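The chain contents come next:
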Amino acid sequence: MAVANDLSLASEQPESRHENQTRRVLRRLMRSTNARVGIFLVVAFLLIALLVPLVDDYDARRDLDLSSRLQPPSSEHWFGTDDLGRDVLRRVLHGARVSLQVAILSVSISLIIGSMIGLVAGMTGGWVDNVLMRLMDIMLAFPYVLLAIALVTTLGAGLRNTMIAIGIVYVPIYARLSRSVAISLREEDYVMAARSIGSTQLRILFSHIVPNGLSPIIVQATLSMGIAVLDAAALGFLGLGQQPPYPEWGKMLVDSLQFILSGSWWVMLFPGLAIMLTVLGFNLLGDGLRDALDPRLRM
Amino acid sequence: MFQYIIRRILTTIPVLFGVSILVFLFIHLIPGDPAVALLGERATEENVERMREQLGLNDPMPVQYVRFMLGHTHMLIVNADNSYTTRRGEQCVEVTDAANVACRNTAGKWQGQQNPSMQCNRLGSFMVCHENGILWGDLGRSIKGNIPIGKELQRRFPATVELAVIAIIIAVAVGIPAGVLASLKRNSFVDTFTMFAALAGVSMPIFWLGILLMWLFGLVLGWLPTGGRLSTGIELHTITNLYLLDSLLTRNWPAFIDALRHIILPALALATISLSIIARMTRSSMLDVLGQDYMRTAQAKGLSRGVQVRRHAMRNAMMPVVTIVGLQFGGLLAGAILTETIFSWPGIGKWVFDAITARDYPIVQSVTMIIAFIFVMVNLLVDISYAWLNPRIRYE
C-alpha cells in the first residue's frame, strides 16, 4: 500500500510542479497593472469578435442608408455614420472578428512553420542549419510590411491571402527564436541524460526541448499578434486586405480620408482607436508575460 | 577589423542573390498566368500569347531569371587604340556609335542589335551594352505609361530619403532624451507616462496617426499644410532634389521654411514608431548601465550627477541604441508607403501605393528590390560600425 502511495506521488509530482509554476506565472502576471489592462483589452476584443456576430446578424452587402450619410455621433449612432449611412460602431464591432482572425491564424501559421524550421535547424546543425538559416536571412532582408505587400500583390488581394502573407513574413522570427532555444537546450544535462538512455530525437524534441523552451515563444507570439493586427490594417489600408463592403478597420480608415476635409472626424477616429487598443492590449500582455515568465528580461 | 568587414560583406552577397530570386519569383508565382494578370481577365487568347512571348514566359525559368538580372546584354572589347573587338575576337570595322554596340565585322556581318534603347557603359576594357537587367541598375519600364522605372525612381527617391532622414532625426532627438529621463526618474510619474506614451506609440497604426495629425494641425488649427512637398507659387532651383538641402544651398529662405512646414507632419507620423522603440531601448539600456559597479565608483569619486550620466552612463548605454537606430531606417522606408499615401508626398511610397492600385507589378517589384537592397546595406553598415565600437564582436 505504502509503495503504491509512493508511486502515485511520484507520478503526480511533475504535474503538480508544472501546476505550481503556471500558478506562479499567473500570480506574477496578475500583480502587474499593465498586464491586467492588457488581459482586459485582449479578452474584451476577443469577446466582441466571438459574440457580436452571434448577437447581431449583419449583412454588409445590404447595409446602406443614404438618407443618414455622415451623421455625427448621436444617441442613435454612438460612433456616427459613414458616407453610405452605415453605423460606424456596428462596423467597428464586426471588424474585430477580421482583425483577430488575421492575428490568430497568421501567427499560428508562422509559429508552426517557423518553430519546425528552427527546431530542425537547431537540433540537426551542420549544412541543414546553414541552408535553413540563410533562407531565413533572405526573408529578413525585407522589411515585414513590404514583404507582406509584395506577397499579397502576388497572391491577390483578400483576407485569406493577407493571413497567408503575414504568416509567411513572420516565419523567420520563430525560426530564429526556436533555433536559439534548441541550441541552448540541447546541451542541458537532462537532454544529455535522455539521449544516453536511448531516447529518439523526436522524443527529446517533444518531451524536453519544446516544453522547456516554450516561454520565449509564447511571449513572442503574443507580441506578434499585436504586430499582425497592425500589418493587417496596413494591408487593408492599401486595399489589399478584406475587400469591401465587409468591414475591416484599415480599409475603414482609408475610406475615411476623403471625408476629413468636410469635418467628419468620427469616421476615422473609431476604427483607428480600435486598432490601437487591440494592439496595445497584446503589447501590454506580451510585456507582462515576459516579465512573469522570466523576470531577468524585464525592460 | 578588415577581415571582419570582408567576411561580413561576403555573407551579404548570397543574401542579395536570394533577395533577387525571391523578387523574381513574386511575378512568376502569381496563380494562373502572369500575362493574364497583367492584361486582365477579358484579354483575348491571342493577346495573352503575345504578352507571354513578349515577357519571355515560354522560356525555362533559369533563362528567365538570367534575363531578369542581366536583360539583353551585349559586350565588346575595347582595344588600346579605342577600336572594338567582339568576344569571338573579330575586329569591328564599323561601330554605329558609343550608345549602340552594333558592330560590323570584316566579313560585313552585323553583330548585336541596333537597338536605340540599349544603354552602354564602359567597364574597364569592356563596352557593355544592355537593355533592362537589374544587375545594371536598369529596372525596366512600368506597364502603365511605359515609363523607365529607374528614371522615375531617381526623381522620387530623394523625397523619401528626405522624409526618412527628418523622421530619424526627430526619433533620436526626442526618443533618447525621453528614455534617459525615464531611466533617471525610475518609477516616477515621468517614467510611467513616458513609457506608456512609448507603448501607445508602437501600438498605433502610423497611417491613423498621420490622419489625426493632418486633421488636427492641418484642418482644425490650420497651422501646417496637409500634403505635398512645396506650396504652389514657391519656386526652387533643385540640385539634389532634397528640397530642404536645395533651398539651403541656394539660400532660398522662403522655400526652406515652406519645405520645412510641409515635412513636419509626415515626418512626425513616420517617426512615432521608431521614436517609441528608441525611447524604450534607451531606458532599458540606461537602467542596465546605472546598476553597474563603475557607476557606483563614479558616484563615490564625488562626480556630479550630470557628469556621471553624460560621461559614464550614456556613453555605455548608447551602443545598443545605435544598432536600433540603424535598423529603424529600413523600416522607415517601408513605413513611408503608408505615410506618403496620406500626405500625398511624392516619394517612392506613394508611387508603390499607386502601382499596387493599378496592378503595375514591375514598379512594385523594383521598389521592393531597392528597399530590400538598402535594408541589407544598412544592416551591413550597422554591423560594421557595431564591430568597430565593440572589439569583442570582431573576434567571435
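Computed from a predicted structure; not experimentally measured.

Caption draft 1: Summary view of the overall build of chain A. Along chain A, the regular secondary structure elements total 11 helices and zero strands. Ordering the α and β elements of chain A from the N terminus gives α-α-α-α-α-α-α-α-α-α-α. Its C-alpha atoms give chain A principal-axis dimensions of about 80 × 50 × 35 Å. The buried share of chain A, taken over its 299 residues, is 50%. Here the analysis covers contacts within chain A between residues at least 6 apart in sequence; of these, 71% occur between residues at least 24 apart. As displayed, chain A has an accessible area near 14600 Å², and 63% of this comes from carbon and sulfur atoms.

Caption draft 2: Seen up close, the pattern of salt bridges. Residues and elements named next belong to chain B. Applying the stated rule across the entire model yields 16 salt bridges over all chains. For the salt bridge of Arg-283 with Asp-191, the shortest nitrogen-to-oxygen distance reads 2.8 Å. Placement of the pair is Arg-283 in helix 9 (residues 253-290) and Asp-191 in helix 6 (residues 189-203), with a sequence separation of 92 residues. By relative accessible area, which is 9% here, Arg-283 ends up buried.

Caption draft 3: Spotlight on the side chain of Glu340(B). All names here are of chain B. On the secondary structure map, Glu-340 appears in helix 11 (residues 305-342). Of note is the side chain of Glu-340, whose polar atom sits 2.5 Å from the backbone nitrogen of Gly-349. Those residues in contact with Glu-340, other than ones at most four positions away along the chain, are Thr-160, Leu-163, Trp-345, Gly-347, Ile-348, Gly-349 and Lys-350.

Caption draft 4: Representation of the confidence of the model for chain A in the model. Per-residue confidence for chain A gives a mean pLDDT of 85; residues scoring 70 or more make up 92%. For residues 1-12 of chain A, every residue scores under 50 in pLDDT, and the model assigns this stretch zero contacts once sequence neighbours within four places are set aside.

Caption draft 5: The arrangement of helix 6 (residues 159-186) of chain A in detail. An ideal rise of 1.5 Å per residue puts 40 Å on 28 residues; helix 6 of chain A measures up with 39 Å between its terminal C-alpha atoms. Along helix 6 of chain A, the helix axis deviates most sharply at Tyr170(A), where the bend reaches about 35°; the proline Pro172(A) sits within four residues downstream.

Caption draft 6: Structural detail: the packing of aromatic side chains. Here the structure, examined in full by the defined rule, presents 11 aromatic pairs over all chains. Relative to Phe270(A), the ring of Phe79(A) has its centre 3.9 Å away and its plane inclined at 5°; by these criteria the two rings are stacked. In this pair, Phe79(A) sits in the loop between helix 2 (33-55) and helix 3 (88-124) while Phe270(A) sits in helix 11 (residues 266-293), placing the two residues 191 residues apart along the sequence. We classify Phe270(A) as buried; its relative accessible area is 14%. Note on Trp265(A) and Trp266(A): the rings are 5.7 Å apart at their centroids and 85° apart in plane angle, and the pair reads as edge-to-face. Given a relative accessible area of 30%, Trp265(A) falls into the partly exposed group. One aromatic cluster is present, formed by Trp265(A), Trp266(A) and Trp215(B) through successive ring pairs. Lying over the aromatic face of Tyr243(B), Arg229(B) brings its terminal NZ or CZ to 3.7 Å of the ring centre.

Caption draft 7: Just the confidence of the model for chain B, in detail. Residues with a pLDDT of 70 or more make up 87% of chain B, whose mean pLDDT is 81. Reported for the predicted complex are a pTM of 0.81 and an ipTM of 0.83.

Caption draft 8: How the structure looks around the packing of helix 3 of chain A against helix 11 of chain A. All names here are of chain A. Between helix 3 and helix 11, whose axes approach to 10 Å, the crossing angle comes to 35°. Along this stretch, helix 3 crosses helix 11, giving a crossing that reads as right-handed. Between helix 3, through Val-88, Val-92 and Leu-100, and helix 11, the contact on the second element is made entirely by Trp-266, Phe-270, Pro-271, Ala-274, Thr-278 and Phe-282. Of the residues in the contact of helix 3 with helix 11, the class split is eight nonpolar, one polar and no charged.

Caption draft 9: Layout of a positive patch on the surface. On the surface, Lys301(B), Arg310(B), Arg311(B) and Arg315(B) cluster together to form a positively charged patch. Locating Lys301(B) in the fold gives a position in the loop between helix 10 (293-300) and helix 11.

Caption draft 10: The arrangement of the interface of chain B and chain A in detail. At the junction of the two partners, chain B supplies 43 residues and chain A supplies 41 residues. When the buried surface of chain B facing chain A is broken down by residue, Phe26(B), Phe207(B) and Trp208(B) rank first, second and third, together holding 16% of it. Connecting chain B to chain A are one salt bridge. For Asp287(A), the salt bridge identified is with Arg280(B), shortest N-O distance 3.1 Å. Remark: the boundary between chain B and chain A carries three residue pairs in polar contact (both at pLDDT 80 or more). Residue assignment for the side of chain B that touches chain A shows that the elements contributing at least two residues are helix 1 (2-28), helix 6, helix 7 (206-220), helix 9, helix 11, helix 12 (348-357) and helix 13 (361-389) of chain B. Among the residues making up the side of chain B that touches chain A, the classes are represented as 34 nonpolar, six polar and three charged.

Caption draft 11: Broad picture of the nonpolar core. If you look at the biggest cluster of nonpolar residues, it comprises 157 residues, and the most contacted ones within it are Phe237(A) and Val19(B). The residues that make up this core include at least three from each of domain 1 (45-136) and domain 2 (149-389) of chain B. Other than its neighbours up to four places away in sequence, Phe237(A) contacts Gly250(A), Lys251(A), Leu253(A), Val254(A), Leu257(A), Phe207(B), Ile211(B), Leu338(B), Thr341(B), Ile342(B) and Phe353(B).

Caption draft 12: Unusual backbone geometry, seen in detail. At the junction of Pro244(A) and Pro245(A), the peptide bond is cis and its omega measures out at 10° in the coordinates. When you line up the elements, Pro245(A) lands in the loop between helix 9 (214-237) and helix 10 (249-260). One non-glycine residue, Ser344(B), lies in positive phi territory at about 45°. Here Ser344(B) lies in the loop between helix 11 and helix 12.

Caption draft 13: The arrangement of the environment of Thr22(A) in detail. All names here are of chain A. Within the secondary structure, Thr-22 sits in helix 1 (residues 2-31). Taking relative accessible area as the criterion, Thr-22 reaches 38% and is therefore assigned partly exposed. In sequence terms Thr-22 and Leu-293 are 271 residues apart; their C-alpha atoms lie 9.2 Å from each other.

Caption draft 14: Up close: the environment of Phe207(B). Looking at the secondary structure, you find Phe207(B) in helix 7. Residues Phe207(B) and Val19(B), 188 residues apart in the sequence, show an inter-C-alpha distance of 28 Å. Residues within four places of Phe207(B) in sequence aside, it is in contact with Ala233(A), Ala234(A), Phe237(A), Gly250(A), Leu253(A), Leu338(B) and Ile342(B).

Calculation notes
Residue indices begin from 1 for each chain and proceed along its sequence in written order. To read the labels, note that chains go from A and ligands from 1, taken in the order they are written. Whole-chain, interface and lining totals are the exception, using all residues; otherwise, since this is a predicted model, local features are given only for residues with pLDDT of at least 70 and side-chain atom pairs are given and counted only at 80 or more. Just so you know, side-chain values use all the structure's heavy atoms and leave hydrogens and water out. Strands here mean DSSP runs of E at least two residues long; helices mean DSSP runs of H or I at least four residues long; both are numbered from the N terminus. Exposure categories follow from relative accessible area, calculated using a 1.4 Å probe and restricted to protein chains: below 20% of the type maximum is buried, above 50% is exposed, and the middle band is partly exposed. Two residues form a contact once any of their heavy atoms are found within 4.5 Å. Accessible areas in this description were obtained via Shrake-Rupley with a 1.4 Å probe; residue shielding takes into account the shown protein chains only. By convention in these notes, a salt bridge is any Lys or Arg side-chain nitrogen within 4 Å of a carboxyl oxygen on Asp or Glu. By the criterion applied in these results, polar contacts are pairs of N or O atoms within 3.5 Å in which, for protein atoms, one can donate a hydrogen and the other can accept it, and in which residues neighboring in sequence qualify only through two side-chain atoms. The predictor attaches a confidence to each residue, and that confidence, scored 0 to 100, is pLDDT. Any helix carries an expected span of 1.5 Å times its number of residues minus one. Fitting axes to the seven residues ending at a residue and to the seven starting there, one defines the bend at that residue as the angle between these axes. Stacked, tilted and edge-to-face are the three classes applied to pairs of Phe, Tyr and Trp rings, where Trp contributes its six-membered ring and a pair requires centres within 6.5 Å; stacked means planes under 30 degrees apart, edge-to-face means over 60, and tilted covers the rest. Placement of a positive charge over a ring is assigned whenever Lys NZ or Arg CZ falls within 6 Å of the ring centre and within 35 degrees of the normal to the ring plane. Lines fitted to C-alpha atoms define the axes, with helix axes restricted to the stretch in contact, and inter-axis angles between N-to-C directions lie between 0 and 180 degrees. Note on convention: near helix rotated counterclockwise from far helix by under a right angle means a left-handed crossing. Clockwise means right-handed. Each residue is assigned to one of three groups, with Ala, Val, Leu, Ile, Met, Phe, Trp, Tyr, Cys and Pro labelled nonpolar, Asp, Glu, Lys and Arg labelled charged, and all others, Gly among them, labelled polar. Patch rule: a residue counts if its relative accessible area is over 30% and it has no salt bridge; like charges are joined within 9 Å, and nonpolar side chains (Val, Leu, Ile, Met, Phe, Trp, Tyr) within 5 Å. A positive count includes Lys and Arg, and a negative count includes Asp and Glu. His and the chain ends are not counted in either. Positions of charges follow a simple convention, taking NZ of Lys, CZ of Arg, CG of Asp or CD of Glu. Two parts placed together each lose some accessible area under a 1.4 Å probe, and the buried area is that loss summed for both. Nonpolar cores are built from buried Ala, Val, Leu, Ile, Met, Phe, Trp, Tyr and Cys residues. Side-chain atoms within 4.5 Å join them into one set. For the domains described, the bounds stem from an automatic or database domain assignment.

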